[in-house]
Structures are given as C-alpha cells and as structure tokens.
Amino acid sequence: AVVSTQSTGSLKETVLNSHYLWTYHIRQRNLIVSADESANCLAKFVIRYRWVTQLDGFLDALAKQYIYFPIVDLDTDAQEIQEILQNRALCEIAYRHLNAYLSSSNRYTNLTKRYYARHLLTTLKQAEIISQLRKQQSSSVFAGSILVSRWVGTCLREPLQYPENTECIPVYHTIAEIVMLCRNRLNSNAMIEDVIQQINTTLFTEYGLGKNTEDFYNVDNNRVDKVLYKKSGIPITLAVIYHEVARQLGIALDLINFPRHFLLSFTSSTGAAMYIDCFNEGIVLSRSQCLQLCPMSTITDKDEYFQPATVNSVLARLVRNILAWSHSGANVLDNHFQVSLYKMLSHLSGDDKGTALSASHLSMNLAVQFTFLRNFSLPSNAYNTYCAEIKKREQDAKNMLSDKTLKPEHVTFSIGDVMLHKRYNYTCVIYGWDEVCSLGEV
C-alpha cells in the first residue's frame, strides 16, 4: 500500500476522505499515474484498510475470549478462517498485516495483539495445510509428509508466509535430480532388482543419505525436508524418500508399518515378497530376516505387521513420533505444541480412540474445549458427556476470574494483557490484580 497500514488512524481517515491528498502521496513517490489509476489505488486502499481493521477487531475479540484459558485453540474450520483462505487477496493482506506485528522493531508495543497475531497466523497456515491434505488425500506419501513438516513448522514458530513455504531445501527439485540420475543409468527393460540396486547406489552412496543414530529421536528426523537437507534420518523418513524416488521411476513399493522399524516391500521377479530396509542402505530382506531387526524386543510373526499401510497411517505415525518426542525429558514443550499435534492426528487418524482419549484428557486438564475432537469417530454419548464436562470446567475457570475483570480506573492493566518483563525478558499474561500490594518491599 502507498500509505502503510501501520500509519496513524487520523492520517488514514484523511487519505480515505481526500482524493487530492491520495494523489499527492502517490506523486511524492515519483509515481506517474492517471486519474483512473489513482482512483483504482484508492479503492484498493479502502478495501485493505477495512480488512485490516476487521483483523484488528478479531484480535481484540480473541484477547477477550481467551482471557480465562491457558491456551488458544482456534478452529481451522471456523467461518472466519475459511473466509480468509477462500480469497487469495484477503489472505495475502492478512499474512502481511499479522506478520507486521511479529516483525515490529519495538518489542514492547502491541504485545497482546502480537501474541494473538501469532496464533491467528498459525491457524491460517494450518487450515491451508489441512485443505491441501484433503485435496491430495492418498496421492503421495511424500507430498503428505511435506505437509506434516510444514504443520510442525507452525508449531515450532518457523516463519509463516503466504503463499510461499519455508522448506530448508527445494525438496521436489532435489528428488527430481536423484530420479534423473537413476533413470539415465537404467535400461528400459531393467528388472525391479536392478532398479532397486540403482536407487541404493544413487541415494545412499552418491547423494550420501544415511541413518541418524547419534540423535535418533530428534524431531527433525521426522521431517523429510530436514532429512534431505541434513542427509540423515530414521527408518520412516528414509523410506518415504526412497518410496518417492521409486514411484517416479515407475516402481510401486508398498509402505509397511512394521513395529519399531519402518519398511518397504515389493514383489521380486520370482514372485516372492521381499522387504527393503532403508535405514541400512536399502538392503533387501526376507520376512524372517525382518523379525530379527529389533533383537532387544520380541516381535512375533504376524501377518498384520507385513500388510501395506495407507498414506494417512504413515503420516499419523510421523506425527505420533513427534508427539512422543514432545513428551520426553528436556524436550517437553508448551501445551500449544501438543494440542496442534493432536489436531493434526484428528484429521489423519480419526478412528484412533486412544489418541482421542489422550487429547480429551489434555483438554480436561487445561479446562479448554478442543473443537477438533469432533473429527474423531467417538460415540455420540461419549462426545456429549465430554462437551458437558468441559463446559462446566470452563465456567469454573471463568468464575474464578470474573470478579477481577471489572477493575477500577486507576488499575492500569487488564486481565488478558500480554506483557514482556524488561529485566528478565520473559513473556507473561496478566491473570489477576490487587489494589494494594500484599508483599513486602524485599
């Protein structure tokens, strides 16, 4: 916009009401425009100004709505979110305006709006990811795993832009290069064993992809773009990359959700079922050899362990790996991270009652209703019982603070205001106040 949306309200009102001043601002920047072009610019500015005003009002409403709750859980299917996503121009305006709060040079201003702008941006990006996931469904496990990585990026507060994505490496271009190297070295009549041998040579020897044993449980090992960048990963992400290379070469490999060690399978030229261990440079194993992959645990020979997995079940396994990492030791992150992962699982594995139960327990502990729980296939009576109980807990939380929301004029700050401690540099939110300090001076 010619006049920044961060300008003072009076300046914006003046510009909106004065065509002459609007034209003056354009010409001050040495832009030669006709009267029609000037009017068109003014019309665009009016739309932008009205839209950012609505966004600011939405942020203020969020601040009031979530006064009583320890986390912000916005519904990706909410009407306000979908209206933004369905209009590309408005979506771009929203991303730019909300990012302006996050990138402000003065870190002590607009803290409350900045806090909720981050959550609104995260929800917009996650809603966009869910939309893409629904469109591509089971088309490619590689494409789905990229969406999972982007989702995790929103949880880890990586930059959120529109419409660009922020993978640390051009993933599709990298895969295309690997596929081209393989294709140039294969004969048109090559057998499946020859193709697999060539993929192993190109992917593991030449490109240098390998296993990460030193930091096996690191969250980045479950993100295929990070694995391609660092050239090391765990069985499931290495298998996803291997599967995509084979798919583009015309080889159909099955995804095998083997316990503790993800595998790929194919039918050999002799008709036998064989398995690929991507964690060990693509070696080909028989069924009996697969059972020896985890010597520290007893894995019995069950047909269900060797059944082809769906794309969504593989993506859900990635998310569960990250969820387990978020619960472990020093890696325990804030509740927002775990809630976001449960939200993703509700779209990938809606029939998983165990995940639904864990998410509902977290919801009860936080006394916050998770709207995404409706995505799980829960019995209607169980879901209704949950809704009734969580509303009771939410009301109890509101009752505890209701007398503090009405404060005298001489109390400066309000409940729900986000603050930054100037000495100790931590972010906090005001949840109560006292007219007289109850502590001593020391």
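Because the structure is a prediction, the values reported are computed rather than measured.

**Points about the sheet that holds strand E4 (residues 263-267)**
Stage number 1. Reading across the sheet, the four strands line up as E3-E4-E5-E6 and stay open at both edges, with antiparallel pairing between neighbours. The sheet terminates laterally at strand E3 (254-256) and strand E6 (283-285), the two strands that pair on one side only. Within this sheet the neighbouring strands show an average axis-to-axis angle of 35°, counted without direction.

**Quick look at the side chain of Ser346**
Stage number 1. When you line up the elements, Ser346 lands in helix H14 (residues 335-348).
Stage number 2. Looking at Ser346, the relative accessible area reads 3%, which means it is buried.

**Let's talk about the environment of Met419**
Stage number 1. Looking at the secondary structure, you find Met419 in strand E7 (residues 418-420).
Stage number 2. C-alpha of Met419 to C-alpha of Thr112: the two residues are 307 residues apart in sequence and 7.4 Å apart in space.
Stage number 3. For Met419, the residues in contact, after removing those within four places along its chain, are Leu111, Phe413, Tyr426, Thr427, Cys428 and Ile430.

**Some remarks on the pairing of E4**
Stage number 1. Judged by how many residues are buried, E4 sits mostly within the fold: four of five residues are covered.
Stage number 2. With three bridges connecting them, E3 and E4 associate as antiparallel partners. Within E4, the position partnered with Asp254 by the bridge is Ser265.
Stage number 3. Where E4 meets strand E5 (residues 273-277), four bridges bridge the pair, whose relative direction is antiparallel. Residue Thr267 lies in a different strand from E5, and its bridge partner there is Ala273.
Stage number 4. Between E4 and E5, which follow one another and run antiparallel, lie five residues, and Gly271 among them has a positive phi close to 95°.

**A look at the packing of helix H9 (residues 192-206) against helix H11 (residues 235-248)**
Stage number 1. The N-to-C vectors of H9 and H11 enclose an angle of 125°; their axes lie 11 Å apart at closest approach. In terms of orientation, H9 and H11 fall into the oblique class. For H9 against H11, the interelement crossing comes out right-handed. Mapping the contact onto sequence places Ile196, Ile199, Asn200, Leu203 and Phe204 in H9 and Ile241, Tyr242, Val245 and Ala246 in H11.
Stage number 2. A breakdown of the residues in the contact of H9 with H11 according to their chemical character gives eight nonpolar, one polar and no charged.

**A closer look at the pairing of E5**
Stage number 1. Direction of pairing for E5 relative to E6: antiparallel, over a ladder of three bridges. Considered in E6, the bridge of Asp277 is made with Ile283.

**Examining the environment of Val152**
Stage number 1. With respect to the helices and strands, the residue Val152 is situated in helix H7 (residues 141-155).
Stage number 2. For the pair Val152 and Val219, spaced 67 residues apart in the sequence, the C-alpha separation amounts to 9.1 Å.
Stage number 3. In contact with Val152, other than residues within four places in its own chain, are Val219, Arg223, Ile322 and Phe337.

**Section: the packing of aromatic side chains**
In this description, an aromatic ring pair is defined by two values, namely the gap between the centres and the angle between the planes.
Stage number 1. Applying the stated criterion to the full structure yields 11 aromatic pairs.
Stage number 2. On the basis of an interplanar angle of 85° and a centroid distance of 5.6 Å, the ring pair of Phe142 and Tyr172 is categorised as edge-to-face. You can see Phe142 sitting in helix H7 and its partner Tyr172 sitting in helix H8 (residues 171-184), a full 30 residues away along the chain.
Stage number 3. Here Tyr172 falls in the partly exposed class, since its relative accessible area comes to 42%.
Stage number 4. Geometrically, the ring pair formed by Phe258 and Tyr305 is edge-to-face, given 6.2 Å between the ring centres and 80° between the ring planes. Taken as a pair, Phe258 in the loop between E3 and E4 and Tyr305 in the loop between helix H12 (287-290) and helix H13 (311-327) lie far apart in primary sequence, 47 residues in all.

**Quick look at the confidence of the model for the protein chain**
Stage number 1. With 82% of its residues at a pLDDT of 70 or more, the protein chain has an overall mean of 82.
Stage number 2. Low pLDDT, under 50, characterises residues 1-33; the predicted model gives this stretch 47 contacts beyond four residues in sequence or across chains.

**Details of H11**
Stage number 1. Spanning 14 residues, H11 covers 20 Å between terminal C-alpha atoms, matching the ideal 20 Å at 1.5 Å per step.
Stage number 2. Burial of H11 is extensive: 12 of the 14 residues sit out of reach of the surface.
Stage number 3. Taken as a whole, H11 has its buried residues at Pro235, Ile236, Thr237, Leu238, Ala239, Val240, Ile241, Tyr242, His243, Glu244, Val245 and Ala246.
Stage number 4. After H11 finishes, the residue Gly250 shows a positive phi value of roughly 90°.

**A few points about the packing of H8 against H9**
Stage number 1. Contact pair H8 / H9: the axes reach a minimum separation of 9 Å and the direction vectors enclose 135°. The orientation of H8 relative to H9 falls into the category oblique. Crossing of H8 against H9: the hand is right-handed. Across the interface between the two elements, Ile178, Leu181 and Cys182 of H8 pack against Gln198, Ile199, Thr202, Leu203 and Glu206 of H9.
Stage number 2. Across the contact of H8 with H9, the residue classes tally to five nonpolar, two polar and one charged.

**Concerning unusual backbone geometry**
Note on backbone geometry: most residues besides glycine have negative phi, and most peptide bonds are trans.
Stage number 1. Positive phi, normally seen in glycine, also occurs at Glu281, with a value near 55°.
Stage number 2. By the secondary structure assignment, Glu281 is in the loop between E5 and E6.
Stage number 3. Judged by its relative accessible area of 55%, Glu281 falls in the exposed class.
Stage number 4. Positive phi is not limited to glycine here, since Ala367 has a value of about 60°.
Stage number 5. Tracing the sequence through the fold places Ala367 in the loop between helix H15 (353-366) and helix H16 (380-405).
Stage number 6. Relative accessible area serves as the criterion here: at 15%, Ala367 is assigned to the buried category.

**What to know about the nonpolar core**
Stage number 1. Phe142, Ile199, Ile241, Tyr242, Leu264, Met344 and Phe370 are the most contacted members of the largest nonpolar core, which has 104 residues in total.
Stage number 2. Those residues in contact with Phe142 that sit more than four places away from it in its chain are Val171, Tyr172, Ile175, Val224, Leu228, Val240, Ile241 and Glu244.
Stage number 3. Counting residues in hydrophobic clusters, the runner-up holds 11 residues, among them Phe258, Tyr275, Cys290 and Tyr305.

The rules behind each value
Per chain, residues are indexed from 1 in the order of the written sequence. With the structure being a predicted model, the display of local features is reserved for residues of pLDDT at least 70 and the display and counting of side-chain atom pairs for 80 or more, all residues being used for whole-chain, interface and lining totals. Heavy atoms throughout the structure, all of them, feed into the side-chain values; hydrogens and water do not. Two strands make a pair as long as DSSP finds a minimum of two bridges between them. Counting from the N terminus, the helices are the DSSP runs of H or I reaching at least four residues and the strands are the DSSP runs of E reaching at least two. Between the N-to-C directions of two axes lies an angle of 0 to 180 degrees, each axis being a line fitted to C-alpha atoms and, for a helix, fitted only over the stretch in contact. For every residue, the accessible area (1.4 Å probe, protein chains only) is compared with the maximum for its type, and the residue is labelled buried under 20%, exposed over 50%, or partly exposed between those bounds. Contact definition: two residues touch when any of their heavy atoms are within 4.5 Å. Working rule for angles: under 35 degrees goes down as roughly parallel, over 145 as roughly antiparallel, 65 to 115 as roughly perpendicular, anything else as oblique. The hand of a helix crossing depends on one turn: near helix anticlockwise from the far one by less than a right angle means left-handed, and clockwise means right-handed. By the convention adopted, Pro, Cys, Tyr, Trp, Phe, Met, Ile, Leu, Val and Ala count as nonpolar, Lys, Arg, Asp and Glu as charged, and the other residues, Gly among them, as polar. Planes of paired rings set the category: under 30 degrees apart is stacked, over 60 is edge-to-face and the rest tilted, where pairs are Phe, Tyr or Trp rings (Trp by its six-membered ring) whose centres lie within 6.5 Å. As a per-residue measure, pLDDT reflects the predictor's confidence and takes values from 0 up to 100. A helix's residues, less one, multiplied by 1.5 Å, set its expected span. For this analysis, a nonpolar core means a set of buried residues of the types Ala, Val, Leu, Ile, Met, Phe, Trp, Tyr and Cys, connected via side-chain atoms within 4.5 Å.

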